[in-house]
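Report on the structure
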Amino acid sequence: MLREYPEVVQAVFLHVVSSDPPSSFPPSGLFIPPPKLVNGRPVVFFRTYVGAAAKATQLGLMEPDGLMRVVEEAEKNLQAKGVPEGNSKWVDLERDVDEAYRTLGEMY
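The sections below set out a description of the structure shown in this document. Every value quoted in this text rests on a predicted model; they were computed, and no experiment measured them.

**With respect to the overall build of the protein**
Scanning the protein for helices and strands turns up 3 helices and 3 strands. Principal-axis analysis of the C-alpha atoms places the extent of the protein at approximately 45 × 35 × 20 Å. Across the 108 residues that make up the protein, the buried fraction comes to 38%. For the protein, the proportion of contacts with a sequence separation of at least 24, taken over those separated by at least 6, is 61%. As displayed, the protein offers around 7100 Å² of accessible surface, 55% of which is attributable to carbon and sulfur atoms.

And the structure:
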């Protein structure tokens, strides 16, 4: 798609998933490949919606207030589901929330 029709695609977002059990992940969470360009368009990898939103904001595809709404909803969602702190979902989310706040800090 990016090779043949780059004019209709602004970016590609790929969700990083694993068939390995979360207990096998390193303490910092599952490895996320660095972004790359294909035919001048970014291909970015994400683990959580917050990570995707942070990258979209960095690329100018999402407004900062939208990023903050995604952060708030993601945190509420894990709390509402009763996911215990220390769970790999929280580790991934906390890493991406840190990236979201760094992104916002660089904008203001």
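Still more ground to cover, so stick around.
**A few points about the sheet that holds strand E1 (residues 12-15)**
Pairing in this open sheet of 3 strands is mixed, and the strands run E1-E3-E2 from one edge to the other. What marks the edges here is a single partner per strand, and that holds for E1 and strand E2 (36-38). Taken pair by pair, the neighbouring strands of this sheet meet at an average axis angle of 30°, ignoring direction. One ladder, built from 4 bridges, connects E1 with strand E3 (residues 41-46); its direction is parallel. By the bridge assignment for E3, histidine 15 is matched with phenylalanine 46. Along the sheet face, helix H1 (residues 49-58) touches E1 and E3 and points at about 155° away from the line of E3.

**Considerations on the side chain of arginine 47**
Positionally, arginine 47 belongs in the loop between E3 and H1. In this structure, arginine 47 is in contact with His15, Val16, Val17, Ser18, Phe25, Leu30, Ile32, Asp92, Arg95 and Asp96, ignoring residues within four places of it in sequence.

Conventions we followed
Residues numbered from 1 in each chain as written. Predicted model: local features only at pLDDT ≥ 70, side-chain atom pairs only at ≥ 80, totals over all residues. Heavy atoms only, no water. Helix = DSSP H or I, 4+ residues; strand = E, 2+ residues; numbered from the N terminus. Buried < 20%, exposed > 50% of the residue type's maximum accessible area, 1.4 Å probe, protein only. Contact = heavy atoms within 4.5 Å. Areas by Shrake-Rupley, 256 points an atom, 1.4 Å probe, with all protein chains shown as cover. Pairing = 2+ DSSP bridges. Axes fitted to C-alpha atoms, helices over the stretch in contact; angles between N-to-C directions.

Spatial relationships are all this shows, so hold off on functional conclusions.
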